[in-house]
Amino acid sequence: MGASVAPVEAGGGAASAGATYPVRTDEDLITVRHAVRAATVETGFGLVDQTRVVTAASELARNAYIHGGGGTVTIEFPRNAGRRGVRLTVRDEGPGIPDLEAALADGFTTGSGLGHGLGGARRLMHDFEVHTEPGKGTTISVTRWNTQ
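How each quantity is defined
- Residues numbered from 1 in each chain as written.
- Predicted model: local features only at pLDDT ≥ 70, side-chain atom pairs only at ≥ 80, totals over all residues.
- Heavy atoms only, no water.
- Core = buried A, V, L, I, M, F, W, Y, C linked by side-chain atoms within 4.5 Å.
- Buried < 20%, exposed > 50% of the residue type's maximum accessible area, 1.4 Å probe, protein only.
- Helix = DSSP H or I, 4+ residues; strand = E, 2+ residues; numbered from the N terminus.
- Contact = heavy atoms within 4.5 Å.
- Pairing = 2+ DSSP bridges.
- Salt bridge = Lys/Arg side-chain N within 4 Å of Asp/Glu carboxyl O.

1. Points about the nonpolar core
In terms of nonpolar packing, the biggest core is built from 31 residues, with Val 36, Ile 75, Val 86, Leu 88, Leu 118 and Phe 128 touching the most fellow members. Of all the secondary-structure elements, those providing two or more residues to this core are α1 (26-42), α2 (47-66), β3 (71-80), β4 (83-92), α3 (100-104), α4 (117-124), β5 (127-133) and β6 (137-145). By residue number, the principal contributor to this core is α2, which donates 7 residues.

2. Here's the deal with the side chain of Asp 28
Along the polypeptide, Asp 28 turns up in helix α1. Leaving out residues up to four positions away in the same chain, Asp 28 has contacts with Pro 22 and Val 23.

3. Quick notes on the pairing of β3
Sheet topology places β3 next to β4; 8 bridges connect them, and they run antiparallel. Across the sheet, residue Ile 75 finds its bridge partner in β4, namely Leu 88. Hairpin connection, β3 to β4: the antiparallel pair is bridged by 2 residues, and Ala 81 has positive phi, about 50°.

4. What to know about the pattern of salt bridges
Under the criterion given, the structure shown has 2 salt bridges. In this structure, the salt-bridge partner of Arg 52 is Asp 49, at a minimum N-O distance of 2.6 Å. Of this pair, Arg 52 and Asp 49 both sit in helix α2, separated by 3 residues, roughly a single helical turn. Look at Arg 52 and you get partly exposed, because its relative accessible area is 32%. For Asp 49, a relative accessible area of 8% gives the class buried.

Keep in mind that these numbers describe shape and distance, not what the molecule does.
What follows is the structure, encoded as structure tokens:
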């Protein structure tokens, strides 16, 4: 049976088409970070919010690469009530997350990391949604809205 986490804040709104990037190598992780930074600049985010989004993207893409055996990151530009945002959808076809609540807790790690990846990404973004099913992979969608 799959598990999911509802959005932290209801986002809604239509998303304009973005681009999808593979996450299969260390170089792909760098490409994703650069693409996400460019998306935040295009959307008019200030430096602090740019850093928040890039940090979340880096954590989520690295998780897909390491734990999910690779995947994709899609960048979109939603609009809602006059606000512009950056939405990242990270997909993998890995083993899924067996205990989602534990994985979202600070300090949880399956490796040598600090255990702030999923929970940290959740705190950095306005909207956060996870769909995971053991043996079928994980899809995480996060959005940060430009409040300037």
